[in-house]
Every structure is written in C-alpha cells, then in structure tokens.
Amino acid sequence: MHKSVIQFRSLLSSLKIRIYEQSDYGKGIRLILFIILYFLSRYLTHNIDSFDFNDSFWGTGHLFLAKIISTLSCWILKPFYPSIEFSSNLSIIIDNKEVLLLLPACTGFDQIVRMMIVLVFYPIPPKSKIWLGPVSVCILVIAATIHFTILIPVASTYPRYYNFFHSGITLVIFYSLYFSCWLIWEKYGFKKKIPNRFKG
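Residues numbered from 1 in each chain as written. Predicted model: local features only at pLDDT ≥ 70, side-chain atom pairs only at ≥ 80, totals over all residues. Heavy atoms only, no water.

Looking at the overall build of the protein chain
Convention followed: Each helix corresponds to a stretch of at least 4 residues labelled H or I by DSSP, and each strand to a stretch of at least 2 residues labelled E; elements are numbered beginning at the N terminus. Partly exposed describes any residue whose relative accessible area lies between the buried limit of under 20% and the exposed limit of over 50%, with all areas from a 1.4 Å probe on protein chains only and scaled to the type maximum. Any pair of residues with heavy atoms lying within 4.5 Å of one another is described as a contacting pair. Here the Shrake-Rupley method, with its probe set to 1.4 Å, supplies the accessible areas, and only the displayed protein chains count as covering residues.
Regarding its fold elements, the protein chain presents six helices and three strands. When the elements of the protein chain are put in sequence order from the N terminus, they spell out α-α-α-β-β-β-α-α-α. For the protein chain, the proportion of its 200 residues judged to be buried stands at 40%. Considering only contacts in the protein chain between residues 6 or more positions apart, those separated by 24 or more positions represent 65%. With the model as given, the accessible surface of the protein chain reaches about 12,100 Å², and the carbon-plus-sulfur share is 67%.

Some words on the side chain of Gln-111
As for its position among the elements, Gln-111 is in helix α4 (residues 109-121). A relative accessible area of 11% means that Gln-111 is categorised as buried. Those residues in contact with Gln-111, other than ones at most four positions away along the chain, are Leu-140, Phe-174, Tyr-175 and Tyr-178.

A closer look at the pairing of strand β2 (residues 91-94)
To be explicit about the condition: Pairing between strands is defined by DSSP: at least two bridges between them are needed.
Of the two faces of β2, the one lined by Ser-91 and Ile-93 and the one lined by Ile-92 and Ile-94 are each fully buried. Direction of pairing for strand β1 (residues 85-86) relative to β2: antiparallel, over a ladder of two bridges. Bridge assignment links Phe-86 to a residue of β2, and that residue is Ile-92. Between the antiparallel neighbours β1 and β2 lie four residues, among them Leu-90 with a positive phi of about 70°. Where β2 and strand β3 (residues 97-101) come together, four bridges link them in antiparallel fashion. The residue bridging Ile-92 from the neighbouring strand is Leu-100, located in β3. The hairpin turn running from β2 into β3, its antiparallel successor, is two residues long, and Asp-95 in that turn takes a positive phi close to 55°.

Describing the nonpolar core
Basically, it comes down to this: Nine residue types can take part in a nonpolar core, namely buried Ala, Val, Leu, Ile, Met, Phe, Trp, Tyr and Cys, and a core is a set of them joined through side-chain atoms within 4.5 Å.
With 41 residues, the main nonpolar core has Phe-34, Ile-84, Ile-92, Leu-100, Ile-152 and Trp-185 as its most contacted residues. When residues of this core are assigned to their parent elements, the largest contribution, ten residues, is made by helix α5 (residues 126-157).

Some words on the sheet that holds β1
For clarity, the cut-off: All axes here are fitted lines through C-alpha atoms, helices being fitted over the stretch that makes contact, and every angle between N-to-C directions spans 0 to 180 degrees.
Strand order across the open sheet formed by three strands is β1-β2-β3, with antiparallel pairing between neighbours. Since the sheet does not close on itself, it has two edges, and those belong to β1 and β3, each with one partner. Strand contacts of α5: β2 and β3, with the helix running at about 140° to β3, the strand carrying the most contacts.

Concerning the side chain of Thr-107
Short version of the rule: We define a polar contact as two N or O atoms separated by no more than 3.5 Å, with the added condition that, inside protein, one atom must be a possible hydrogen donor and the other a possible acceptor, whereas residues neighbouring each other in sequence contribute only through side-chain atom pairs.
On the secondary structure map, Thr-107 appears in the loop between β3 and α4. Judged by its relative accessible area of 1%, Thr-107 falls in the buried class. Of the polar contacts made by the side chain of Thr-107, one reaches the side chain of His-62; its length is 2.7 Å. Separated by 3.3 Å, the side chain of Thr-107 and the backbone nitrogen of Phe-109 make a polar contact.

Re the environment of Ile-184
Here Ile-184 shows up in helix α6 (residues 162-189). Relative accessible area serves as the criterion here: at 22%, Ile-184 is assigned to the partly exposed category. Ile-184 sits 49 residues away from Val-135 along the chain, and the two C-alpha atoms are 9.2 Å apart. Discounting residues that sit within four places of it in the chain, Ile-184 has contacts with Leu-132, Ile-139 and Gly-189.

Examining the confidence of the model for the protein chain
The following threshold applies: As a per-residue measure, pLDDT reflects the predictor's confidence and takes values from 0 up to 100.
Summarising the model, the protein chain shows a mean pLDDT of 81, and 80% of its residues fall at 70 or more. Here helix α1 (residues 3-18) is the element of the protein chain with the lowest mean pLDDT, 55, and α5 is the one with the highest, 93. Contacts from residues 193-200, a stretch scored under 50 in pLDDT, to residues over four places away or in other chains number eleven contacts.

Let's talk about the environment of Tyr-162
Here Tyr-162 shows up in helix α6. Those residues within four positions of Tyr-162 in sequence are excluded, and the remaining contacts are Leu-100, Leu-151, Val-154 and Ala-155.

Below is the structure:
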C-alpha cells in the first residue's frame, strides 16, 4: 500500500479518536464540526420553499410553529396589552389595529430542521440524541418566542426601531440560544468513553 495512503488512514484514525476526547482540543474539533454541519444543513435546506404557508411538509411545520409562537407571545404580553390577539392569518392585533405579521421565516422552523440534521451527524451516542433532540427543539421554540415577543411592543410603540431590534438584538438572542444547544450537547450528551471501534 502506498505510503501516503497509510499516512492518510492513520491521520483519519487519529482524528476519529481525538473527536471523542473530553479535552479542549476535542471540544475544539467538535465545535468546528458543529459549524461545518450547520452550514452544510443550511445549504441543503436553502432551496426548499420555506417562505410560504403552503400544503407541503415545510409549510405545515411553519404554520404549526407560528400558531404556538403567536399563542405564547399573546399570553406573555396579555398583562401589558389586554386587547392583544392574533388573527387567522397570524397577524398580531392590539386595540383592533394590526401591529405585526408573523412570517414563516421567523418561526424558527428552518433552524430546527438544520439543528436536527446537525444532531444526526454529531458524535454523541444515539441514546443521548433521543432526548437532546426534543430539548433542542424546545430551546429553539423558546428562542423564536422571545424573538417575536420582543418585536411586538417594538412594532406597536417604536416602529422606527423595528429593523434594529429584528436584525440586531433579537437575532443575537436567538442564535445565542441556538449555540447553547451545542453547550448542552457537550455537557450532558457526550460519551466520556472512546468507542471501542475507534481504538487502535
């Protein structure tokens, strides 16, 4: 066998072992892997029509999350806006005035799908993935709800600052919680012991 092929296989075997290490080096490799998998999943889902409430799986997922987020946001803001409600087209209404429309792109469904794709290929035991999947979904639904709940009073009271909050503050909050999923995977889901198939 050619020497370069042997060296490559040796490097690959070493990387497989290192990727399971509970060290800063191992975590660094997994963080890079997490980022790469995220952008790959983003590329895979980029061309799917995810910006319309249609009859497809994608549209159904957006609509389902939109109803949950709208319900939670109205419930949270009810003490401050007693007349708040959402219409059949998912517009937020305060004092009989349409304030904000929850668009499909803001439901977090795309990000949830990407997170699940990343989790499938992330190097943690399948048993951990079974419970980390639902936990991650819950975190992202909470993140999307926070995002929308903050934007409603901004759109109602300070509309000129809407773009600043939408593309700045709430986006940072959302992706901070997105990244927290990786931290939870590392803290609670990672296998301490190197799998036997990667030894030697």
